[in-house]
Amino acid sequence: MRLTLVDNMVLPGRHDLSALDVHPHLGLISLATVARQAGHTVSVYDPKREVRSGRLAYDGALYARMAHALLAERPDAVGLTTLGCSFIVALKVATQLKRAEPELPIMLGGPHATMLHREILERFPAFDVVVRHEAEETLPDVLAGLERRCFEHVPGVSWRTAPAAAQVRSTEGRPLVKDLDTLPAPAYDLYPVDHLGLDYLRVEAGRGCPFACTFCSTATFFQRSYRLKSPQRLVGDLDRLHERYGATDFKLEHDLFTVNRWKVLDFCEAVRDRGYTWRVSARVDCVDAELLERMSEAGCVAMYFGIESGSSRLQRTIKKRLDLDLLEPTLDMAERVGITSTVSLITGYPEEEAVDQDATLDLLGRCLRRSERRLVTQLHMLLPEPGTEQYAALGDRLAYDGYKTEFNAWLLGDDDERYVRDHPDIFATYHYYPATMPREQHVFAVDFYSAARVLGHTVLAYLLRFYGGLSALVASAREWRAQSGWAGSTDGELIRAFIAHDLGEDHHAHSLVRYALGLAAARGRPVRGGGQGSDAVPAHARRYQLGPGNAVFEDLHDCGALIERIRASARSQRPLDDREAGARGCYLAVASGDGCVNYAIDPATCAMLAMFASPRTFDEVCAALAALTGGYEPDRAYLQHLADAEVIVPGGVASLEPAPAAARG
Ligand code: B12
Ligand code: SF4
């Protein structure tokens, strides 16, 4: 049979579609090998890759276009995977497929489908079969029984008895692969790995976590059975990927890699001479100095620590039960051995009080004051997840306010929102639990932090010197927003306006915020080239714009020097005084590697360069400046010099209108 597996439409943070995660889906490539071994022909369709490449627009026609592309492969069966936050896409695509080909069997799997198999099958006739839990050992039998819908002998399957029939049946069982070493090598070849531009490759290291935090579905899905592939198997997987793709950097996927330190040490021993680098997830109470050192020696470069809350009280309530005193020493140890840490926190818990949220924010603030090179910080909104203890207690009291988290797939179709509202239990991640704190305070904290991260650790940590801590900064900004009647969103511009109001337009902290936001915007600015500099386009019609990452600033403190001073005084809690902050002037920032070089420029050059914020011809800039200054025209040789130095680069669409008479020469 020809089986097409369909990857998730998961979104990247901050909704930057060019940053879509196009890594091979480890569940699907594991299933693909098993299906191939059973004699089937398998392909994987990844909508993220299609969207990222521009072949598939992420708009209201997404579902129809995806279905069209899938049907073009003429599959005998389709299998979709889904998370809660991508289920709308799976549902709508399946609906389109069924409409076009009612007899085409459509399977669904993954954690979300496992938790809600009955609800999904009973309400959405587009799906025929849900394969629950870990599916490697059941998929061959499911495929064999697909035509006759005969699954009675297969554990962990739920199905509709005939196409569009209302009757749903289900077998008992929660399939689990006891020995992960028995799994065949995953079919990475179903993704064009060589052409995905991946920094590292994901490799499944194991499954299951023995803990049972109230917000996390891992314990339900993998049944708290902690399994790690043997060192020989895991290193063998890495070696194979190294030989085939030249990969040397890996992400070892496991919710909690370090639970069994002896197994981790064995792996370190087995991998240490390979020269690979790798990253994992851990708890701060499942690592120690010796382990971190051995991991670092064996190539570990990054660790993800789910801390979840800075409040000890909440640590108990959500059953994460971390000793928060371990965090900073652990970060110190990791930093000392050269491991970059990610500290992830969550707000929005039903039981969270203002003091708990403040503790979380202040913990983030303390992290910000640490070395920025070896630490990444995140603040997420709690998402209700089916299959969790929280959901079992509060899943029937979900509320909806249309808030868009960074994870949920966008609602693109006309009736998508109706589905979300009508089925809160299934689209739980678009909703929120009733909570002690006003929802608005959760939303503001998450949005503020997401916007503030753009400023970078140094500038953000410096702002804390004026407010004492992150919770106080967030509270002041929130109060200002309410009093000022701010109508915009909670973004960088809100932070700038708040600082301008609170500390003053002329204050050096305001300059720093402007500078950081300006550089971030410049880094994200698209430059559309298209042979603009080539001889095919006459010189007068060539348009230029500021080079990628380059920015100009008028009336600004010397922020490059300021940031150096701030870094030099990192241990101090004291803001710089006016004398230390220096005078204001005009600056050109030119991107260089990860950073930039600042040049002091005169106001006339600044005004001229500012015109290249969007694509302009030299003629247009000269004319605009002449109008502005009553006759002053910049030296065209100077403009050409800026272009040669790539301060301004060819950009924008060529104007093919006839050249103005003066320029025709
Ligand atoms: C890698 C990973 C990611 C990656 C890639 C996700 C992906 N696979 O598409 C990234 C970084 C993008 C990611 C992001 C997020 N993730 Co994530 N992630 C993981 C992680 C750590 C590993 C996934 C994995 O490779 N597992 C191993 C493979 C073998 O398992 P599997 O994919 O589940 O597949 C098996 C079965 O599910 C089943 N199966 C799956 N699909 C199908 C399809 C068919 C047809 C069939 C028959 C069977 C089947 O068979 C497979 C083999 O046994 C898991 C935790 C975990 N340990 O699984 C969380 C997990 C999947 N993530 C989760 C969540 C919540 C998120 C986020 C919302 C952020 C967050 N809060 O963590 C975002 C959402 C992304 C978005 N924008 O929508 C939850 C999902 C909960 C849910 N019910 O949906 C998990 C389970 C973690 C958790 N315990 O909370 N994640
Ligand atoms: S949050 Fe982490 S420690 Fe807690 S159950 Fe989930 S995977 Fe385990």
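Remember, it's a predicted structure, so these values are computed and weren't measured experimentally.

Undergrad: Which parts of the structure should I look at to understand the site of ligand 1?
TA: Among the 36 residues in the neighbourhood of ligand 1, the closest are listed as Leu11, Thr81, Cys85, Glu136 and Thr218. Contact distances for ligand 1 include 3.3 Å between a nitrogen atom and a side-chain N or O atom of histidine 25. For the shell around ligand 1, the secondary structure elements donating two or more residues are helix H1 (26-37), strand S3 (77-81), helix H5 (111-115), strand S8 (201-204) and helix H8 (218-222). Element by element, the count of residues in the shell around ligand 1 is highest for H1, at 4 residues. Mapping the shell around ligand 1 onto the domain boundaries places at least three of its residues in each of domain 1 (2-170) and domain 2 (199-382).

Undergrad: Would you take a moment to explain the confidence of the model for the protein chain for this structure?
TA: Overall, the prediction assigns the protein chain a mean pLDDT of 93, with 96% of residues at 70 or greater. Note on residues 654-665: pLDDT under 50 across the span, and 12 contacts to partners over four residues away in sequence or across chains.

Undergrad: Any chance you could explain the nonpolar core here in plain terms?
TA: Phe250, Leu252, Phe257, Trp278, Met295 and Met303 are the most contacted members of the largest nonpolar core, which has 126 residues in total. Not counting residues up to four positions away in its chain, the partners in contact with phenylalanine 257 are Ala205, Tyr226, Leu228, Leu234, Leu252, Val264, Phe267, Trp278, Val280, Ser281 and Met295. Grouped together as the second largest cluster of nonpolar side chains are 59 residues, Leu121, Phe221, Ile318 and Tyr433 included.

Undergrad: Mind showing me how you'd approach the site of ligand 2 here?
TA: In the vicinity of ligand 2, the contacting residues are Cys209, Phe211, Cys213, Phe215, Cys216, Asp255, Leu256, Arg283 and Lys320. Residues belonging to the shell around ligand 2 are distributed by class as follows: 6 nonpolar, no polar and 3 charged.

Undergrad: Explain the environment of phenylalanine 211 to me, please; I cannot follow it from the model alone.
TA: Checked against the element boundaries, phenylalanine 211 lands in the loop between strand S9 (206-207) and H8. In sequence terms phenylalanine 211 and serine 225 are 14 residues apart; their C-alpha atoms lie 9.6 Å from each other. In this structure, phenylalanine 211 is in contact with Ala219, Arg224, Leu256, Arg283 and Cys286, ignoring residues within four places of it in sequence.

Undergrad: Is there a simple way to explain helix H14 (residues 354-368) in this structure?
TA: Residues spaced three or four apart along an α-helix point in a common direction, a consequence of the helix completing one turn every 3.6 residues. Here H14 is 15 residues long and its end C-alpha atoms lie 21 Å apart, about the 21 Å a rise of 1.5 Å per residue gives. Taken together, the buried positions of H14 are Asp356, Gln357, Thr360, Leu361, Leu363, Leu364, Gly365, Cys367 and Leu368.

Undergrad: Please clarify how empty space enclosed by the protein should be interpreted in this entry.
TA: Going through the model one piece at a time under the given rule, you end up with 4 cavities of 30 Å³ or more. In this structure, the largest cavity occupies an estimated 60 Å³ of space. Looking at the lining of the largest cavity, its residues break down into 5 nonpolar, 1 polar and 3 charged.

Undergrad: I keep staring at the packing of helix H17 (residues 439-452) against helix H19 (residues 470-484) and nothing clicks. Help me out?
TA: Where H17 contacts H19, the axes come no closer than 10 Å and their chain directions differ by 110°. For the element pair H17 / H19, the angle class is roughly perpendicular. Like other packed secondary-structure pairs, H17 and H19 cross with a definite hand, here right-handed. Along its contact with H17, which presents Glu440, Gln441, Phe444, Ala445, Phe448 and Tyr449, the element H19 presents Leu470, Leu473, Val474, Ala477, Arg478 and Arg481.

Undergrad: Honestly, the pattern of salt bridges in this entry has me stumped. Any pointers?
TA: Any two side chains of opposite charge can pair if their charged atoms end up close together. Tallied over the full model, the rule gives 49 salt bridges. Among the salt bridges present, the one from arginine 36 reaches aspartate 189, with a minimum N-O distance of 2.7 Å. A residue pair is termed long-range when its members are at least 10 positions apart, and arginine 36 in helix H1 and aspartate 189 in the loop between strand S7 (168-170) and S8 qualify at 153 residues. Since its relative accessible area comes to 32%, arginine 36 is described here as partly exposed. Judged by relative accessible area, which is 46%, aspartate 189 ranks as partly exposed. The salt bridge involving glutamate 134 is made with arginine 227; its shortest N-O contact spans 2.8 Å. Taken together, the residues span a long stretch of sequence, with glutamate 134 in the loop between strand S5 (129-131) and helix H7 (139-145) and arginine 227 in strand S10 (residues 227-228) at a distance of 93 residues. Judged by relative accessible area, which is 6%, arginine 227 ranks as buried.

Undergrad: What should I look at first to understand the domain arrangement of the protein chain in this one?
TA: How large an interface is tends to be reported as the accessible area lost when its parts come together. Under the domain assignment, the protein chain is made up of domain 1 (2-170), domain 2 (199-382) and domain 3 (534-653). Here the C-alpha centroids of domain 1 and domain 3 sit 50 Å apart.

Undergrad: Looking at this structure, how should I read the layout of surface pockets?
TA: A water-sized probe rolled over the atoms picks out the places where empty space is left. What the second largest pocket holds in volume is close to 480 Å³. Lining the second largest pocket are 17 residues; nearest its centre among them are Leu368, Arg369, Arg370, Ser371 and Ala570. Counting residues per element, the ones that place at least two in the lining of the second largest pocket are helix H18 (457-467) and helix H22 (559-568). In terms of residue count, H18 provides more of the lining of the second largest pocket than any other element does, 5 residues in total. Here the residues of the lining of the second largest pocket are counted per class, giving 5 nonpolar, 5 polar and 7 charged. If you count residues domain by domain, the lining of the second largest pocket takes at least three from each of domain 2 (199-382) and domain 3 (534-653).

Undergrad: Even after reading the chapter, I still don't get unusual backbone geometry, so can you show me in this structure?
TA: For residues besides glycine, phi is generally negative; the peptide bonds are generally trans as well. With phi around 60°, glutamine 223 is a residue other than glycine that occupies positive phi space. Counting through the fold element by element, glutamine 223 comes out in the loop between H8 and S10. In this structure, arginine 224 takes a positive phi of about 55° despite not being glycine. For arginine 224, the position within the fold is in the loop between H8 and S10.

Undergrad: Just to check I follow, could you spell out the environment of methionine 9 for this structure?
TA: The topology assignment puts methionine 9 in the loop between strand S1 (2-6) and H1. Each C-alpha atom of the pair methionine 9 and methionine 115 lies 19 Å from the other, and the pair is 106 residues apart in sequence. The residues contacting methionine 9, other than those within four sequence positions of it, are Leu20, Pro47, Lys48, Val51, Tyr58, Ser86, Val89 and Ala409.

Undergrad: Before we go on, may I ask you to explain the sheet that holds strand S16 (residues 543-546) in this structure?
TA: Within a sheet, adjacent strands bond to each other through the backbone by hydrogen bonds, running parallel or antiparallel. Strand order in the open sheet made by the 3 strands is S20-S16-S21, with antiparallel pairing throughout. At either end of the open sheet lies a strand with only one pairing partner, and these are strand S20 (616-617) and strand S21 (648-650). Where S16 and S21 come together, 3 bridges link them in antiparallel fashion. Bridge assignment links tyrosine 544 to a residue of S21, and that residue is proline 650.

The rules we used
- Residues numbered from 1 in each chain as written.
- Chains lettered and ligands numbered in written order.
- Predicted model: local features only at pLDDT ≥ 70, side-chain atom pairs only at ≥ 80, totals over all residues.
- Heavy atoms only, no water.
- Near = heavy atom within 4 Å.
- Polar contact = N/O pair within 3.5 Å; in protein donor to acceptor, adjacent residues only side chain to side chain.
- Helix = DSSP H or I, 4+ residues; strand = E, 2+ residues; numbered from the N terminus.
- Domains from an automatic or database assignment.
- pLDDT = per-residue confidence, 0-100.
- Contact = heavy atoms within 4.5 Å.
- Core = buried A, V, L, I, M, F, W, Y, C linked by side-chain atoms within 4.5 Å.
- Buried < 20%, exposed > 50% of the residue type's maximum accessible area, 1.4 Å probe, protein only.
- Nonpolar A, V, L, I, M, F, W, Y, C, P; charged D, E, K, R; others polar.
- Expected span 1.5 Å × (residues − 1).
- 1 Å grid on protein atoms, 1.4 Å probe; cavity = no way out; pocket = protein on both sides within 12 Å on 5 of 7 lines; lining within 4 Å.
- Points joined across faces, edges and corners; volume = space filled by probe spheres on them.
- Axes fitted to C-alpha atoms, helices over the stretch in contact; angles between N-to-C directions.
- Parallel < 35°, antiparallel > 145°, perpendicular 65-115°, else oblique.
- Left-handed = near helix turned anticlockwise from the far one by under 90°.
- Salt bridge = Lys/Arg side-chain N within 4 Å of Asp/Glu carboxyl O.
- Pairing = 2+ DSSP bridges.

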